[in-house]
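Here is how the chains run, residue by residue.
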Amino acid sequence: TLIIQMKKTIDKCAGFDMPQSLLDLFLIIKELIIKYAATLTRILPNRPKKDEQYELICAISNTSSQLLTVISSLSDKVINLVPDDTKPAINVEDARDSIAGELKKQLVYLSDVIVKECETYLIQVGNNQWQGDDNDDEASEESSASKSLFGGNTLFGGFIKDIGGGGGGNASSRFSNLKLPAKLMQILDERFSLLDEWLSLDNFNRIRTTF
């Protein structure tokens, strides 16, 4: 709704055939979009645990990603409406850099909170303080979680394949015998299933590099 109103305002201003006013309006809107992206970062939920909080983080980062497209679209529209001598003033590189910076903060935060949720189990694995047991109930849970993790989620399956460093075989066959803490597998399965549903494809690809 906010973006639609911005576009409508630009259209109305253009109808008065006052290029300088249109340019001034665009600069104001550009600053508002920059501030809006920064505000989104400030309202990220603190220490998220519930699915709804993770969904909000995804929605915030998706909005910032969309703003990158919007700012370019608005500038293209205004450039077509103002005289040639004022076109150089329609520069959005600073806005794109600012919005991209906020988006990166949001995705890094999303990565951090997921890792934080797994921290205890990751430390155990890193210190070799956890060992799987085929006869343990947790091992059974881990096996079930692995099937869901590597078989059911295409985006996350590709992500895990990247971590595995490539090589022969698919992700499922290479990781099916891993003896990782069942709780770790459960958290990752739940979180990445949520990201698969809520995070835009562009942002999911961005977060792969972050992880």
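Up top you'll find the structure we're talking about.
The paragraphs below set out a description of the structure included in this document. (Residues numbered from 1 in each chain as written. Predicted model: local features only at pLDDT ≥ 70, side-chain atom pairs only at ≥ 80, totals over all residues. Heavy atoms only, no water.)

1. Quick word on a nonpolar patch on the surface
A cluster of nonpolar side chains, namely Val 115, Leu 122 and Phe 211, defines an oily patch on the protein surface of about 220 Å² accessible area. With respect to the element layout, Val 115 can be found in helix 4 (residues 93–126). (Patch = residues over 30% accessible without salt bridge, like charges linked within 9 Å, V, L, I, M, F, W, Y side chains within 5 Å. Areas by Shrake-Rupley, 256 points an atom, 1.4 Å probe, with all protein chains shown as cover. Salt bridge = Lys/Arg side-chain N within 4 Å of Asp/Glu carboxyl O. Helix = DSSP H or I, 4+ residues; strand = E, 2+ residues; numbered from the N terminus.)

2. Comments concerning the environment of Met 6
Mapped onto the fold, Met 6 is located in helix 1 (residues 2–15). Exposure remark for Met 6: the relative accessible area of 8% places this residue in the buried category. The spatial distance from the C-alpha of Met 6 to the C-alpha of Leu 25 is 9.6 Å, given a sequence separation of 19 residues. Not counting the four nearest positions on each side in its chain, Met 6 is found in contact with Ile 29, Leu 32 and Ile 33. (Buried < 20%, exposed > 50% of the residue type's maximum accessible area, 1.4 Å probe, protein only. Contact = heavy atoms within 4.5 Å.)

3. What to know about the packing of helix 3 (residues 51–79) against helix 4
Think of two packed helices as two axes; the pair is described by the angle between the axes and how far apart they sit. Packing of helix 3 against helix 4 brings their axes to within 9 Å, and their N-to-C directions diverge by 160°. Considered as vectors, helix 3 and helix 4 are oriented roughly antiparallel to each other. The interaxial crossing formed by helix 3 with helix 4 has left-handed handedness. Along its contact with helix 3, which presents Tyr 54, Ile 57, Cys 58, Ile 60, Ser 61, Ser 64, Ser 65, Leu 67, Leu 68, Ile 71 and Ser 72, the element helix 4 presents Ala 95, Arg 96, Ile 99, Ala 100, Leu 103, Gln 106, Leu 107, Tyr 109, Leu 110, Val 113, Ile 114 and Glu 117. Residue composition of the contact of helix 3 with helix 4, by class: 16 nonpolar, 5 polar and 2 charged. (Axes fitted to C-alpha atoms, helices over the stretch in contact; angles between N-to-C directions. Parallel < 35°, antiparallel > 145°, perpendicular 65-115°, else oblique. Left-handed = near helix turned anticlockwise from the far one by under 90°. Nonpolar A, V, L, I, M, F, W, Y, C, P; charged D, E, K, R; others polar.)

4. Re helix 8 (residues 182–198)
For helix 8, with 17 residues, the first-to-last C-alpha span of 24 Å sits near the 24 Å given by 1.5 Å per residue. Among all positions in helix 8, only Ala 182, Leu 184, Met 185, Ile 187, Leu 188, Asp 189, Arg 191, Phe 192, Leu 194 and Leu 195 are buried. (Expected span 1.5 Å × (residues − 1).)

5. Thoughts on the packing of helix 4 against helix 8
Between helix 4 and helix 8, the least distance of the axes is 9 Å, while the angle of their chain directions is 165°. For the element pair helix 4 / helix 8, the angle class is roughly antiparallel. Between helix 4 and helix 8 lies a crossing of left-handed hand. Of helix 8, the residues touching helix 4 (which contributes Leu 110, Ile 114, Glu 117, Cys 118, Tyr 121, Leu 122 and Val 125) are Lys 183, Leu 184, Ile 187, Leu 188, Arg 191 and Leu 195. For the contact of helix 4 with helix 8, a count of residues per class yields 10 nonpolar, no polar and 3 charged.

6. What about the pattern of salt bridges?
Applying the stated criterion across every chain, the model contains 5 salt bridges. One connected set of salt bridges, linked through shared partners, spans Asp 51, Glu 117 and Arg 191.

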